[in-house]
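Below are the chains, spelled out letter by letter.
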Amino acid sequence: MLLLALLACAFPAPIDSGKTTDSESDADTDADSDSDSDADSDSDTDSDSDSDSDADTDSDTDADTDADSDTDADVDAACGRYQAVTHVGAEGVSRYTAAAESTLGYGGTTTTTTESYDAGSGVGVMTSYTDVSGRSFAWYRSWSTSTYRCDADGLWYVGYTMEWEYLTPDGYAGSGSMVYTYDDGYLGLPADLDVGARWSARGTGTYTGDVSGKFAYDVTGEVLEEDAVTVDAGTFDALRVRMTYDDTSAEQWLAPDVGAVKSEFLELESWVP
């Protein structure tokens, strides 16, 4: 625009005498016609180009969205919906209930975060930090890293590492660390969960750390009912599940894409997907 303004100043338009000849009129008409035709052609071309570009962009965006959707669907199909292992970055804070303080002698929070998930291998890693205190502990802190594996059957527990430190009310301080590995992994949650579903796992594992040895496990699970449960983090449509570890049973409520939102001793306080 600046160039056009400078040219107009350098070459002013001729003074109009009020008279035009036929040839001048025809020339002006032809020039106007050519100018209009060129302008229309340019406009049409630009419009077509913009339309093609928009169509290509929309098509690419739709394709990317569909691809992401397909990937998410494949992951959920492999691992099941009632877990957070496949949702990298998800973080939940659970608070120990009054029942925990009464029965276990402490209260506080546990923060769990999904650190990584590899769709190719199906391996996911979650970390957990617990900070509690009460009549059993002046304070207790632990850090754990759990490894899981997903396949067509569901979510498998592979093993975990744990470190802890504590101080008792009478002043005794302690700390330690352990590594637990399930020899063959065990199916913790089937991919297809529905009311009435049952599953079991039995096997052995090893632990190493301050002490080392072998351990055995015998786990069964059953989906009891669908249940809407309300906790500080919100209201969730969940499945109430009973898990039995050897001779000890515990119930928990599992919500889609979140995992456990409530148990006897813990309730989800906040959730960031």
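Report on the accompanying structure. Here the structure is a predicted model, which means the values were calculated and not measured. Counting restarts for each chain, with residues numbered from 1 along the sequence as it is written. Whole-chain, interface and lining totals are the exception, using all residues; otherwise, since this is a predicted model, local features are given only for residues with pLDDT of at least 70 and side-chain atom pairs are given and counted only at 80 or more. Side-chain descriptors were evaluated using all non-hydrogen atoms of the structure, hydrogens and water having been removed beforehand.

### Here's the deal with the packing of aromatic side chains
Rule in force here: Any Phe, Tyr or Trp ring, taking Trp's six-membered ring, that has another such ring centre within 6.5 Å forms a pair; planes under 30 degrees apart are called stacked, those over 60 apart edge-to-face, and the others tilted. By the criteria applied, helices consist of DSSP H or I runs no shorter than four residues and strands consist of E runs no shorter than two, each listed in order from the N terminus. We call a residue buried when its accessible area falls under 20% of the maximum for its residue type, exposed when it is over 50%, and partly exposed in between, using a 1.4 Å probe and counting protein chains only.
Evaluation of the coordinates by the stated rule reveals 16 aromatic pairs. Both rings, one in Tyr129 and one in Trp143, keep their centres 5.6 Å apart while their planes meet at 35°; by these two values the pair is tilted. In this pair, Tyr129 is assigned in strand S3 (residues 123–133) and Trp143 in strand S4 (residues 139–151), connecting sequence segments 14 residues apart. Judged by its relative accessible area of 36%, Trp143 is partly exposed. Centroid distance Tyr182 to Tyr217: 5.3 Å. Interplanar angle 90°. Geometry classified as edge-to-face. Of the two residues, Tyr182 sits in strand S6 (residues 173–190) while Tyr217 sits in strand S8 (residues 213–231), which places them 35 residues apart along the sequence.

### Some remarks on the side chain of Thr130
Here is the rule: Identification of polar contacts relies on pairs of N or O atoms within 3.5 Å, with a donor-acceptor requirement for protein atoms, meaning one able to donate a hydrogen and the other able to accept it, and with residues adjacent in sequence counted only if both atoms are side-chain atoms. Contacts: residue pairs with any heavy atoms within 4.5 Å of one another.
In this fold, Thr130 is placed in strand S3. By relative accessible area, which is 10% here, Thr130 ends up buried. One polar contact links Thr130 to Thr110, side chain to side chain, over a distance of 2.9 Å. Residue contacts for Thr130: discarding those within four places in its chain leaves Tyr96, Thr109, Thr110, Tyr140, Arg141 and Ser142.

### A short note on the pattern of salt bridges
Inclusion rule: One speaks of a salt bridge when a side-chain nitrogen belonging to Lys or Arg is within 4 Å of a carboxyl oxygen belonging to Asp or Glu.
Under the counting rule described, the total for this entry stands at nine salt bridges. Between Arg81 and Asp257 there is a salt bridge, with the nearest N and O atoms lying 3.9 Å from each other. On the criterion of sequence distance, the pair formed by Arg81 in the loop between helix H2 (22–79) and strand S1 (91–96) and Asp257 in the loop between strand S10 (248–255) and strand S11 (259–263) is long-range, its members being 176 residues apart. Between Glu165 and Arg141 there is a salt bridge; the shortest N-O distance is 3.7 Å. With Glu165 in strand S5 (residues 154–167) and Arg141 in strand S4, this pair connects stretches of sequence that are 24 residues apart. Through salt bridges that share partners, Glu225, Arg240, Arg242 and Glu251 make up one connected network.

Honestly, it's all geometry; don't read function into it.
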